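Summary of structural features
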Amino acid sequence: MNNKTAFITGAAKGIGRATAVALSTSGCHVILTDIDTEALADVKSTIEESGGKASTYLLNVADQDQVNAIHEQALKDHQRIDYFVNNAGIGGTFAPLHLMPRSEWDKVIAVDLNSVFFCLQAQLKILLPQGGGSIVNVSSLAGKKGVAYGVPYSAAKHGVLGITKSAAVEYGARNIRVNAICPSFLETEIIDPLPNELLDFVTKHRVPLKRLGKPEEAAETIAWLLSDKASFVNGHALVMDGGMNAG
């Protein structure tokens, strides 16, 4: 990955931040995008203090015009982008389906699903003239299983896997690989609203490894999928859940 360039959405925290650090350590110049200005500056500083190279752009991934403009600007600034990680997302409010507000559905679908469509369109327009590249979309175990009280999130993450598979089939012959990861409970900000009792139950009774995952573990998985070490992996949804879905 030395001297490659990687573009990451939602890079300020959680999986995105860990992925930025991991790719930088592997030799990539990382392009960090997010809506959190302070957190973006912090991760950029962390990377540069370790000798890495990072650039930052403010980006609301739910706004297609912004998505297109920032991708165009990043390409102009860096001439070439080899890897893309579509990680930005929100958990949303948990509520029964029959009481779920339309506004909550719209918000989660906009950030977690529409954004992946917008970003892929912009990214493919960059990768096609370059002759190829690699993309990883961050879905969830909720993209493979139903989630009680989390219909918008689960629907969006199922949709991310559909987009991933379709893009992989459509563009594989153009030397563009598109894959996804499906993590379960990781130690990131997205699980902060969940009750400690629920997380304790999950780790003790649902996850065979008896612990939550770490964002750094997701980051290493993403880095592998992007790299040439995974050169024959395309259209795959890699589950990383400590064995939660196995039993």
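First things first, this report covers the structure right here in the doc. (Residues numbered from 1 in each chain as written. Predicted model: local features only at pLDDT ≥ 70, side-chain atom pairs only at ≥ 80, totals over all residues. Heavy atoms only, no water.)

1. Side note on the packing of aromatic side chains
All told, the structure shown has two aromatic pairs when counted by the stated rule. Here the aromatic rings of Phe 7 and Phe 84 are separated by 5.6 Å at their centres, their planes lie at 50°, and the arrangement is tilted. You can see Phe 7 sitting in strand S1 (residues 5–9) and its partner Phe 84 sitting in strand S4 (residues 83–86), a full 77 residues away along the chain. Its relative accessible area of 0% is what places Phe 84 among the buried residues. (Phe/Tyr/Trp six-rings, centres within 6.5 Å; stacked < 30°, edge-to-face > 60°. Helix = DSSP H or I, 4+ residues; strand = E, 2+ residues; numbered from the N terminus. Buried < 20%, exposed > 50% of the residue type's maximum accessible area, 1.4 Å probe, protein only.)

2. Re the sheet that holds strand S6 (residues 176–183)
As summarised here, the arrangement of the seven strands in space is S3-S2-S1-S4-S5-S6-S7, forming an open sheet in which the pairing is parallel. In this open sheet, the two edge strands, each paired with only one partner strand, are strand S3 (53–58) and strand S7 (237–240). Across the sheet, the mean angle from the axis of one strand to that of its neighbour is 20°, orientation sign disregarded. Examined bridge by bridge, S1 and S4 share three bridges and lie parallel to one another. (Pairing = 2+ DSSP bridges. Axes fitted to C-alpha atoms, helices over the stretch in contact; angles between N-to-C directions.)

3. Brief notes about the packing of helix H3 (residues 64–78) against helix H4 (residues 102–130)
As a packed pair, H3 and H4 sit with axes 8 Å apart at the nearest point and diverge in direction by 25°. The angle between H3 and H4 places the two elements in the roughly parallel class. Remark: the crossing between H3 and H4 carries right-handed chirality. Seen from H3, the contacting residues are Gln 64, Val 67, Asn 68, His 71 and Leu 75; seen from H4, they are Phe 118, Cys 119, Gln 121, Ala 122, Gln 123, Ile 126 and Gln 130. Grouping the amino acids of the contact of H3 with H4 by side-chain chemistry returns six nonpolar, six polar and no charged. (Parallel < 35°, antiparallel > 145°, perpendicular 65-115°, else oblique. Left-handed = near helix turned anticlockwise from the far one by under 90°. Contact = heavy atoms within 4.5 Å. Nonpolar A, V, L, I, M, F, W, Y, C, P; charged D, E, K, R; others polar.)

4. Focus: the side chain of Asp 82
Structurally, Asp 82 is set in the loop between H3 and S4. By relative accessible area, Asp 82 is classed as buried at 6%. Aside from chain neighbours lying at most four places away, what touches Asp 82 is Lys 4, Thr 5, Leu 127, Gly 133 and Ser 134.

5. Quick look at H3
Three- or four-residue spacings in an α-helix give side chains the same orientation, since the helix completes a turn every 3.6 residues. Between its first and last C-alpha atoms H3 spans 21 Å; for 15 residues at 1.5 Å apiece the expected length is 21 Å, and the two agree. Among the residues of H3, Val 67, Ile 70, His 71, Ala 74 and His 78 are the ones counted as buried. Considered in projection along H3, the buried side chains sweep an arc of 100° and stay on one side of the axis. Those residues of H3 that are exposed and aimed more than 90 degrees away from the buried face are Asp 65, Glu 72 and Lys 76. Looking at the packing, one finds that the buried side of H3 touches S1, strand S2 (29–34), S3, S4 and H4. The N-terminus of H3 is capped by Asp 63, whose side-chain oxygen sits 3.0 Å from the backbone nitrogen of Asp 65. Backbone geometry just downstream of H3 places Gln 79 in the positive-phi region, at approximately 70°. (Expected span 1.5 Å × (residues − 1). Arc of directions from axis to C-beta. Polar contact = N/O pair within 3.5 Å; in protein donor to acceptor, adjacent residues only side chain to side chain.)

6. Things to note about the environment of Asp 112
Residue placement: Asp 112 occurs in helix H4. For Asp 112 and Ile 90, which are 22 residues apart along the polypeptide, the C-alpha to C-alpha distance reads 6.6 Å. In this structure the side chain of Asp 112 is engaged in a polar contact, spanning 2.8 Å, whose partner is the backbone nitrogen of Ile 90.

7. Brief notes about the pattern of salt bridges
Here the structure, examined in full by the defined rule, presents nine salt bridges. Note that Glu 48 is salt-bridged to Lys 44, the shortest N-O span being 2.6 Å. Note that Glu 48 and Lys 44 are positioned in helix H2 (residues 37–49) at a spacing of four residues, about one turn of the helix. Residue classification places Glu 48 among the partly exposed residues on the basis of a relative accessible area of 37%. A salt bridge links Arg 211 to Glu 217, with the nearest nitrogen and oxygen atoms 2.8 Å apart. By relative accessible area, which is 36% here, Arg 211 ends up partly exposed. (Salt bridge = Lys/Arg side-chain N within 4 Å of Asp/Glu carboxyl O.)

8. Focus: the pairing of strand S5 (residues 133–138)
Along S5, six of the six residues are buried, which leaves the element largely enclosed by surrounding structure. Neither face of S5 is open: one carries Gly 133, Ile 135 and Asn 137, the other Ser 134, Val 136 and Val 138, and all of them are buried. One ladder, built from four bridges, connects S4 with S5; its direction is parallel. Note on S5: the bridge partner recorded for Tyr 83 is Ser 134. At this point the chain moves from S4, through H4, to the parallel S5, and the crossover so formed is right-handed. What joins S5 to S6 is helix H5 (residues 151–171), and the crossover it makes is right-handed. (Right-handed = clockwise from strand over helix to strand, strands pointing away.)

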